[in-house]
Amino acid sequence: MTDDRRWMYRRRGPRGDYDDEFFNGLQQFFDFVYSRPGVHPNAEIRCPCSKCGNLPHHNRALVTDHLLRYGFMDAYSVWWAHGETLSNNVDPWFAASDVASSSNIEEHVNAADDFHHMVYDAFCPSEYDRHRNETEFASENVGDAPNRHAQSFYDLLRASTIPLGPASNDQTLLGWLSYMLHTKAKNNISGVGYNEIIHGCRKLLSPEDQQKVPSNFYEAKKFMKNLGLGYVKIDACVNNCFLYYGDEAKSLIACPVCGEPRYKRCNSAQTRKKDRPRNSLWYLPIIPRLQRLYMSRKTAEHMTWHLKCRVDSEILIHPAQSAAWKHFDAVHPSFAADPRNVRLGLATDGFNPWGHSSRSYSCWPVFIVVYNLPPEMCMRPEFTFLTLVISGPKSPGKNIDVFLRPLIDDLKQLWSSGVETFDSFRKQNFTMRAMLMWTITDFPGYGMVSGWSTHGRLSCPYCMEMTRAFYLQNGRKISFFDCHRQFLPASHSYRMDTTQFLKGRCEFGPPPPRLDGHSVRLRVAALPDVLFGNPSVNQTIFGFGETHNWVKRSIFWELPYWEDNLIRHNLDVMHCEKNFFDNIIHTVMDDSSSKDNVKSRMDLPLYCDREELQLYYDRSGSLCKPNASYALNTDKKRCLCTWLKHVRFPDGFASNIARCVNLAELRLVGLKSHDCHIFMQHLIPIAFRGLLPDSIWGPLTEVSNFFRALCSPNVNIKDMAVWETKIVEIICKLERIFPPSFFDCMEHLAIHLPFEARIGGLVQFRWMYPIERQMHKLKQTIGNKNHVEASIVEAYILNEITEFCSRYFGADVETSWSKPPRNFSAVPLYRNTEFSIFACPGHPMGSHSQTRCLTAQEMKAAELYVLLNCREVDALLDIFDREVGVYMTPSDPHKARTRSFVTWFKDRVLNGHHEGNGVLQYLALGPSWTVNVYREEIFQDEEPPSTQSNEHSSNLASTECMDLHAEGATVVDLNENVNDDVDENASEGNDGYETRSDASGDSSETE
């Protein structure tokens, strides 16, 4: 706070009387307010006392009385509501104590005023002033009523003060109505169900209060709609070739491209119904939604988190630390100068609102993601804005540019001129600008938004026309087999191998260059214009499929800064990982979806020198397919399926994978994307160990380690640079094992994923998992399946209103912001123990049914786990590493701890080295061999668990040891460092994985 304003909070002197400095300061305050141009000497002004909080207007005498009685409101050293702006000596980004408050801006607001402030946050202060000036002018001169927009503001403001209920001053009409609509949206209650609940609640109210409460859902939604931000319905051509958008297109009755009528004519001439458009687009404008993030005091402060908390580090936790963000700041310093400017991402995908039914329908929502927010808020549904809903029943395909036109126009306005926005945290107006960083789609969607087709031989958007992909003669599919040796170092031995890759071929060529934005822009600028939508016209660009794969010039190139983005379209790690895993699991299980089929074997003699896998005819003349070493036989498949049927995971870590196991047919069915994510990163090294030869198990484990490192919640830039080279060698090892039909585009795209992680940052901000969850929620809100898109949009608007209101609820109301942890217990059990590892609160689930003795293997695992994860042992663990470290190579520490730390610890402690430490003495005695058996053990965390699967992996160890006490459970050591065994042999540049004597097909050995 500046020195000349300290009098504001020194109202009384030491003896309790008013201080003269305070009186002099009041005079300075009023002189400043009434000296502004256009302010009448007798005009009413905002009252800045702690009770009014700058909301009501009073005359000078009443404001003086309030300031003497209640004092100034907190954090008002800058008189922003009375025309003052920040002074030059105040840091506008970090002087939170001078602008907002040293704690929180809402601390001075009591619970009764929360909804009063909610209405104020929903309407920009400039709008508030304009409405008041209009009504004051009207009352003094003409006597007209306020306009509709101003009247809605005053209706909501009045509702925030109307008491509801018997002798209650805390509950207001607006607060109660917000809570009821929030309950409806959260529990997906139908409109009829809501009406029945309201009917019962109205009976509990007095007749006077019954007149205040809306009688049904329609009236309630109509009353609250002004807290929402609305949407625009735009007619479109039925062939997706034209959007009736803009003043010139509103009067058209037919498509100017294909001539199709705009409206569906009514059959009856006597009906009063209007003609209905044959196709429509629902647009939810993005500008007011971004403005509300700054207008709301609940989110305004977080919008500049990326500046205050960004540090230069090799460990990336947020896109603000990425090279893509920093490069754009360097190219556009004027944009980077104001940290309140917004960075956005665009995501889209299609879904069938009828699920897996036979009815074909594809609805395409488009979302906008805000990256200014902290990591824990960035990808939350509340800040992932639904912007467009494109009608079905068919996918828009490359015609998606037609529907993106309103959004692109707003993005161009946000970049060029910006929009005036009120920052409720710093109490000032500013010009908000925004830019689009990248798009997030699956691979088919990548082709739709980028203009580069993702089908055919040139499907890779990085290699483009320089790819080595080819068409399989018998398989009749594109194969990316032997396309990766060109990415290896020039001296690598694989480049000269003529037997394990394409037969008789050595690789001498360099990798294809990655084009920068300017080079791509030059190519795109040379493309001819393409007419959208009309299927009767051949729109193929000359050379398509041979020298390029362009199908259009993407609408995103209209953005002036698009070429300056290092990553314009993201490869979706979620779908790449799932498709990669599907190829692995189906080929290893040798089921009907295996890539190793008869046609694949027919192609082997044409491309590879693998006589042992070629088809042959037996004595009876039947065509036979030899068994491959990478395919499991019946006994091994039964072993794997039985193990998967009984595997157990910590609560919340994964779904029940056992439901996907078909023991009768010995196959896996119905694996979802997240199931594949868990299997790929955590189960492959364990499940296939002992079932596959080590020369095959090793490369598959390296693939698992690659995706686990790629999806880590903390990405190291140097590690990604290493993986960028290492994944190429891993793919080459797989090419020496599997047939050419195994390698479709998904396996090839894996070599480009580390580059995007190194440039764009964590995949958690660039993949489709949160978008898929959003679409699942949208599907659940469909109430009228005859009007799918309209039903989605109306439900989203209601949810948007209730989510905004929920930020102002009290702590006793459960919302998405105050949701209790999973398996929350009101009275958690705190163990009375001296050991930190057992001190976490929690409680057992199920009754104490029996006790049993641990096996020797379980006892060894329990002892090792407790010692390695107990904080009291950390000092001794460091001593152990130093003592044995001189004999170890860098890959040995984990092995040394596993082999000898327990014995070393017991010898050291029990031989008197730590006699005064009772905790270590107890630990050295080891656990009891007899344990109590519960169905499950639940631990309570201080913070709710994250829904992102990768964040569970770091906390997995704290719960998996308790599964040892679960009756009949299979405990998976997901922290086993199988990477040590892999790296030792992989570093030699060959596949010489040693065969371990303990590897067997028995499931107990792989647990």
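Residues numbered from 1 in each chain as written. Predicted model: local features only at pLDDT ≥ 70, side-chain atom pairs only at ≥ 80, totals over all residues. Heavy atoms only, no water.

## Focus: the overall build of the protein chain
Part 1 of the argument: Along its length, the protein chain carries 35 helices and 27 strands.
Part 2 of the argument: By the burial criterion, 52% of the 1007 residues in the protein chain qualify as buried.
Part 3 of the argument: Of the roughly 46,300 Å² of accessible surface on the protein chain, 50% is carried by carbon and sulfur atoms. (Helix = DSSP H or I, 4+ residues; strand = E, 2+ residues; numbered from the N terminus. Buried < 20%, exposed > 50% of the residue type's maximum accessible area, 1.4 Å probe, protein only. Areas by Shrake-Rupley, 256 points an atom, 1.4 Å probe, with all protein chains shown as cover.)

## Observations concerning helix H2 (residues 60–70)
For the α-helix, the turn length of 3.6 residues means that residues three or four positions removed from each other point alike.
Part 1 of the argument: What H2 keeps buried is the set Val63, His66, Leu67 and Leu68.
Part 2 of the argument: On its buried side, H2 packs onto helix H1 (20–34), strand S1 (45–46) and strand S2 (57–58).
Part 3 of the argument: Gly71 sits one or two positions beyond H2 and adopts a positive phi of about 80 degrees. (Contact = heavy atoms within 4.5 Å.)

## So, a nonpolar patch on the surface
Part 1 of the argument: Taken together, the side chains of Val598, Met602, Tyr617 and Leu623 present a nonpolar region at the surface, about 400 Å² in accessible area.
Part 2 of the argument: With respect to the secondary-structure elements, Val598 resides in helix H20 (residues 598–607). (Patch = residues over 30% accessible without salt bridge, like charges linked within 9 Å, V, L, I, M, F, W, Y side chains within 5 Å. Salt bridge = Lys/Arg side-chain N within 4 Å of Asp/Glu carboxyl O.)

## Examining unusual backbone geometry
Part 1 of the argument: Each neighbour pair has its own omega, and for Gly392 with Pro393 the value is 10 degrees, a cis peptide bond.
Part 2 of the argument: Tracing the backbone shows Pro393 in the loop between strand S10 (384–390) and helix H16 (400–416).
Part 3 of the argument: Within the chain, Arg476 stands out as a residue other than glycine whose phi angle is a positive 55 degrees.
Part 4 of the argument: One can find Arg476 in the loop between strand S14 (470–471) and strand S15 (478–479).
Part 5 of the argument: The residue Asp482 is not glycine, and still its phi comes out positive at about 60 degrees.
Part 6 of the argument: Looking at where Asp482 falls in the secondary structure, it is placed in the loop between S15 and helix H18 (517–525).

## Some remarks on the packing of aromatic side chains
Part 1 of the argument: Inspection of every chain in the model, using the stated rule, returns 38 aromatic pairs.
Part 2 of the argument: Centroid distance Tyr294 to Phe430: 5.0 Å. Interplanar angle 75 degrees. Geometry classified as edge-to-face. Of this pair, Tyr294 sits in helix H11 (residues 286–295) while Phe430 is found in strand S12 (residues 428–432), placing the two residues 136 residues apart along the sequence.
Part 3 of the argument: For Tyr294, a relative accessible area of 0% gives the class buried.
Part 4 of the argument: With a relative accessible area of 6%, Phe430 lands in the buried category.
Part 5 of the argument: Taken together, the ring pairs in this structure connect Trp7, Phe22, Phe29, Phe30, Phe32, Tyr34, Phe72 and Trp79 into an aromatic cluster.
Part 6 of the argument: Taking NZ or CZ as reference, Arg514 lies 5.7 Å from the ring centre of Tyr462, over its face. (Phe/Tyr/Trp six-rings, centres within 6.5 Å; stacked < 30°, edge-to-face > 60°. Lys NZ or Arg CZ within 6 Å of the ring centre and 35° of its normal.)

## Side note on the pattern of salt bridges
Part 1 of the argument: Under the defined criterion, the tally for this structure stands at 38 salt bridges.
Part 2 of the argument: Measuring nitrogen to oxygen at the nearest pair gives 3.4 Å for the salt bridge that ties Arg69 to Asp65. Taken as a pair, Arg69 and Asp65 lie in helix H2 at a separation of four residues, close to a single helical turn.
Part 3 of the argument: Accessibility expressed as a relative area gives 49% for Arg69, which makes it partly exposed.
Part 4 of the argument: One salt bridge connects Arg852 with Glu858, and the closest N-O pair in it is separated by 3.2 Å.
Part 5 of the argument: A relative accessible area of 25% places Arg852 in the partly exposed class.

## Let's talk about H1
Part 1 of the argument: End to end, H1 covers 22 Å across 15 residues, agreeing with the expected 21 Å (1.5 Å per residue, within 8%).
Part 2 of the argument: Tucked into the core, H1 has its buried residues touching S1 and H2. (Expected span 1.5 Å × (residues − 1).)

## A look at the nonpolar core
Part 1 of the argument: Leu290, Tyr371, Leu407, Phe556 and Phe688 are the most contacted members of the largest nonpolar core, which has 206 residues in total.
Part 2 of the argument: Once residues lying within four places of it in the same chain are set aside, the contact partners of Tyr371 are His318, Pro319, Trp325, Arg343, Leu344, Gly345, Cys378, Met379, Met437, Trp438, Ile440 and Phe765. (Core = buried A, V, L, I, M, F, W, Y, C linked by side-chain atoms within 4.5 Å.)

## Focus on the packing of H1 against H2
Part 1 of the argument: Contact geometry for H1 and H2: axes closest at 12 Å, N-to-C directions at 145 degrees. By crossing handedness, the relation of H1 to H2 is classed as right-handed. Counting all contacts with H1, which are made through Phe22, Phe23, Leu26, Gln27, Phe30 and Tyr34, the residues of H2 involved are Arg60, Val63, Thr64, Leu67 and Leu68.
Part 2 of the argument: The residue inventory of the contact of H1 with H2, partitioned by class, reads eight nonpolar, two polar and one charged. (Axes fitted to C-alpha atoms, helices over the stretch in contact; angles between N-to-C directions. Left-handed = near helix turned anticlockwise from the far one by under 90°. Nonpolar A, V, L, I, M, F, W, Y, C, P; charged D, E, K, R; others polar.)

## Quick word on the pairing of strand S8 (residues 342–348)
Part 1 of the argument: Burial analysis of S8 places seven of its seven residues in the buried class, which makes it a mostly covered element.
Part 2 of the argument: Going residue by residue along S8, you find Val342, Leu344, Leu346 and Thr348 tucked away on one face and Arg343, Gly345 and Ala347 tucked away on the opposite face as well.
Part 3 of the argument: In terms of strand pairing, S8 meets strand S13 (residues 434–440) through six bridges, oriented parallel. Bridged to Leu344 within S13 is Leu436.
Part 4 of the argument: In the sheet, S8 pairs with strand S9 (residues 364–370) via five bridges, with the strands oriented antiparallel. What sits directly across from Ala347, in S9, is Phe367. (Pairing = 2+ DSSP bridges.)

## Things to note about the sheet that holds S9
Part 1 of the argument: Sheet architecture is open: seven strands sit in the order S3-S6-S10-S9-S8-S13-S16, paired in mixed fashion. The two strands at the open ends of the sheet, each matched to only one other strand, are strand S3 (232–235) and strand S16 (569–570).
Part 2 of the argument: Along the sheet face, helix H27 (residues 769–780) touches S8, S9 and S10 and points at about 130 degrees away from the line of S9.

## Things to note about the packing of helix H19 (residues 573–589) against helix H23 (residues 694–710)
Part 1 of the argument: Following both chains from N to C, one finds H19 and H23 inclined at 165 degrees, their axes separated by 12 Å at the closest point. Judged by the angle between their axes, H19 and H23 are roughly antiparallel. Once H19 is placed against H23, the crossing between them reads as left-handed. Of the residues in H23, those touching H19 at Val573, Glu577, Phe580 and Ile584 are Leu700, Val703, Phe707 and Leu710.
Part 2 of the argument: Partitioning the contact of H19 with H23 into residue classes produces seven nonpolar, no polar and one charged. (Parallel < 35°, antiparallel > 145°, perpendicular 65-115°, else oblique.)

## Some words on the environment of Tyr218
Part 1 of the argument: Note that Tyr218 resides in helix H10 (residues 217–224).
Part 2 of the argument: Sequence spacing of Tyr218 and Asn195 is 23 residues, and the spatial spacing of their C-alpha atoms is 9.1 Å.

## Comments concerning the state of the cysteines
Part 1 of the argument: Considering all chains together, one arrives at zero disulfides under this definition.
Part 2 of the argument: With no disulfide of its own, Cys745 has Cys460 as its nearest cysteine by sulfur position, at a separation of 5.9 Å. (Disulfide = S-S within 2.5 Å.)

## A look at the confidence of the model for the protein chain
Part 1 of the argument: Per-residue pLDDT for the protein chain has a mean of 80; in total, 77% of the residues score no lower than 70.
Part 2 of the argument: Here helix H34 (residues 957–960) is the element of the protein chain with the lowest mean pLDDT, 30, and S13 is the one with the highest, 97.
Part 3 of the argument: Here residues 86–112 is modelled with pLDDT under 50, and outside its nearest four sequence neighbours on either side it reaches 45 contacts, counting other chains as well. (pLDDT = per-residue confidence, 0-100.)

## Some details on the environment of Lys777
Part 1 of the argument: Its place among the elements puts Lys777 in helix H27.
Part 2 of the argument: Exposure remark for Lys777: the relative accessible area of 41% places this residue in the partly exposed category.
Part 3 of the argument: Separated by 15 residues in the primary sequence, Lys777 and Ile792 have C-alpha atoms spaced 9.6 Å apart.

## Remarks on the environment of Asn579
Part 1 of the argument: With respect to the secondary-structure elements, Asn579 resides in helix H19.
Part 2 of the argument: Among the residues examined, Asn579 registers a relative accessible area of 30% and is labelled partly exposed.
Part 3 of the argument: Sequence separation between Asn579 and Ser673 is 94 residues; the distance between their C-alpha atoms is 9.1 Å.
Part 4 of the argument: Setting aside residues no more than four positions away along its own chain, Asn579 makes contact with Met746 and Glu747.

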